[in-house]
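Below, each chain spelled out in residue letters.
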Amino acid sequence: MTKAGSGSTDAVSGPLWVNAEITYKCPLHCVFCYNPLDYTSTYDSELSTDEWVKALREARALGAVQLGISGGEPLVRKDAEVIVAEATKMGYYVNLITSGVGLTEERIAAFKEGGLAQIQLSFQDSTKELNDFLSSTRTFELKLKVARLIKQYDYPMVLNVVLHRLNIDHIEQILEMAEAMEADHVELANSQYYSWAMKNREYLMPSREQIQNARVVTERFRERLGNKMKLYFVMPDYYADRPKACMKGWGSLFLNIAPDGLALPCHEARMLPGLEFPNVRDHDVAWIWNESSAFNAYRGDSWMQEPCRSCDEKDKDFGGCRCQAFMLTGDATNADPVCSKSPHHSLITEQVELAQQSRTSAEEVRPLLFYRDDKTSRTLTME
Amino acid sequence: MSLPLDKALALEKQYRFQWEPAQKRHVLLYPEGLIQLTESAGEILKRIDGNASAEDIVESLEQAFPGADLKQDVIDFLEVAHDKGWIRVN
Ligand code: SF4
Ligand code: SF4
């Protein structure tokens, strides 16, 4: 324990939700991936099984109870079953977030045995061609197979589809496919513009018209299917005039642990300058959560500037996303520019206007996209 | 909607009910979510075991908390829990 804690932490309650990114390795190359651009830098420093178990036990002692096992593709790690089983024994409700690549019957049986509570399957699109294009690997058939396995092992079928400009017009096929797979919950979430999606932002942001059409189609399915298949449609925040209240604020209920053990208050926080994020290898999670200066940096509201500081909505959205504020305005203590009260709001509206222009077809855009692969990651890291 | 009082009740499949020592209360866990329960809600849900009916639960609670007239509150809560999809009639 080398660093001094940043002082007052009156009765912070513990995290409730842990996201364990057990590896950034992934066989897919999604253009909207939210992993850091330099994700390859963690390859040689991944936590061991024991280190994961230790960190999860410490977080559990603080009261954490929901656990996501994600990545990358968590199934790349051969010990995913062990981590899930250990965490379940501790009392976590464990959710595996996977692209489905690598989920064999043998492995799903082992997960079931270990008490895994839920599997969330992500789909890039419903049409084979575009699905392959967007993840640049042939995985579609495989995902359908995995979906059947998930049902067979008596898990609810939870589908997550990331929507964007290049696939949102396929919403009808996407939902037909979800229905055919007997999905119980479908989250249609527009991509958020961080990391790889930020690099590809102008090609990924849908137009107002595209979103409107997608909502109409979604509503039609919702009316017909009701509770049989629950549909959640998440708008791109760029189209809102108030920011999202990310995880109820910084260091409030969410703890992300990256493959190399870095503890972060959100997936994207690694990008923020001036903060030294603690590692679960070197510190107890209790110290990290309660005492570390990084977790206290944007807790509460004393860090806020105007217009947030005197805003009567600050308890609702906590000034929005620190990472988005930094990424777009260069200062993480600014209001999230999604907010119409932000003096930087035009940074958002300009992008939105750009998205209304008609653009070239998906095929023409293809060579312009940044694919999330190791080579590109290393190139971008050197920049 | 009204819940049959004499039929066995069970937790819905994806829900897990447990005591959280750090929070000093019972919680109901489900995919992507967590419901923090009040003490009385915890006492009621604790008695849902796949066999007990609403009537059994009322009886058991009246034994544990003698003198209290709990019946209507318990039934109201169970109806809400059923509407929200936390519990089902077996
Ligand atoms: S978004 Fe795609 S590339 Fe990124 S980790 Fe998930 S499956 Fe892999
Ligand atoms: S000014 Fe700040 S606190 Fe107020 S609504 Fe906008 S982002 Fe939220």
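Computed from a prediction, not measured in an experiment: that's the story for all the values here.

Concerning the site of ligand 2
Neighbouring ligand 2 are A:R242, A:P243, A:P307, A:C308, A:C311, A:E313, A:K314, A:D317, A:G319, A:C339 and A:K341. Residue classes in the shell around ligand 2 are distributed as 5 nonpolar, 1 polar and 5 charged.

Side note on the site of ligand 1
As a matter of local geometry, ligand 1 sits amid A:C26, A:L28, A:C30, A:C33, A:N35, A:G72 and A:R372. Along the lines of polarity and charge, the residues of the shell around ligand 1 split into 4 nonpolar, 2 polar and 1 charged.

Thoughts on the environment of A:S41
Residues and elements named next belong to chain A. Position of S41 relative to the elements: it lies in the loop between strand 1 (17–21) and helix 1 (49–61). What makes S41 partly exposed here is its relative accessible area of 45%. Between the alpha carbons of S41 and S377 there is a distance of 8.9 Å; along the sequence they are 336 residues apart. Among the polar contacts listed, one links the side chain of S41 to the backbone oxygen of D38, at a separation of 2.8 Å.

A short note on the state of the cysteines
All names here are of chain A. Taken as a whole, this structure holds 0 disulfides over all chains when the rule is applied. C323 carries a free sulfur, and the closest cysteine sulfur to it, the one in C266, is 3.7 Å from it. Residue C323 is classed as buried on the basis of its relative accessible area, which comes to 1%.

Focus on the confidence of the model for chain A
Summing up the model confidence of chain A, the mean pLDDT is 87 and the portion of residues at 70 or higher is 90%. Note that pLDDT drops below 50 for residues 1–10 of chain A; the model gives that stretch 14 contacts with residues more than four away or on any other chain.

Side note on a negative patch on the surface
Residue and element names in this part refer to chain B. A contiguous patch of negative charge, built from D6, D49, E55, D56, E59, E62, D69, D73 and D76, is present on the exposed surface. When contributions to the negative patch are tallied by element, the ones reaching two or more residues are helix 2 (54–64) and helix 3 (71–83). When residues in the negative patch are grouped by element, the largest group, 4 residues, is from helix 2. Among the secondary structure elements, D73 is positioned in helix 3.

Describing the nonpolar core
The biggest cluster of nonpolar side chains holds 109 residues, and the ones touching the most others in it are A:Y92 and A:L159. Apart from the residues within four sequence positions on either side, A:Y92 is in contact with A:V18, A:L56, A:A59, A:R60, A:A64, A:V65, A:Q66, A:L67, A:A87 and B:R16. By size, the runner-up hydrophobic cluster in this structure holds 23 residues, among which are B:I35, B:A41, B:A52 and B:L61.

Thresholds applied
- Residues numbered from 1 in each chain as written.
- Chains lettered and ligands numbered in written order.
- Predicted model: local features only at pLDDT ≥ 70, side-chain atom pairs only at ≥ 80, totals over all residues.
- Heavy atoms only, no water.
- Near = heavy atom within 4 Å.
- Nonpolar A, V, L, I, M, F, W, Y, C, P; charged D, E, K, R; others polar.
- Helix = DSSP H or I, 4+ residues; strand = E, 2+ residues; numbered from the N terminus.
- Buried < 20%, exposed > 50% of the residue type's maximum accessible area, 1.4 Å probe, protein only.
- Polar contact = N/O pair within 3.5 Å; in protein donor to acceptor, adjacent residues only side chain to side chain.
- Disulfide = S-S within 2.5 Å.
- pLDDT = per-residue confidence, 0-100.
- Contact = heavy atoms within 4.5 Å.
- Patch = residues over 30% accessible without salt bridge, like charges linked within 9 Å, V, L, I, M, F, W, Y side chains within 5 Å.
- Areas by Shrake-Rupley, 256 points an atom, 1.4 Å probe, with all protein chains shown as cover.
- Salt bridge = Lys/Arg side-chain N within 4 Å of Asp/Glu carboxyl O.
- Lys, Arg positive; Asp, Glu negative; His and termini not counted.
- Charge placed at Lys NZ, Arg CZ, Asp CG, Glu CD.
- Core = buried A, V, L, I, M, F, W, Y, C linked by side-chain atoms within 4.5 Å.

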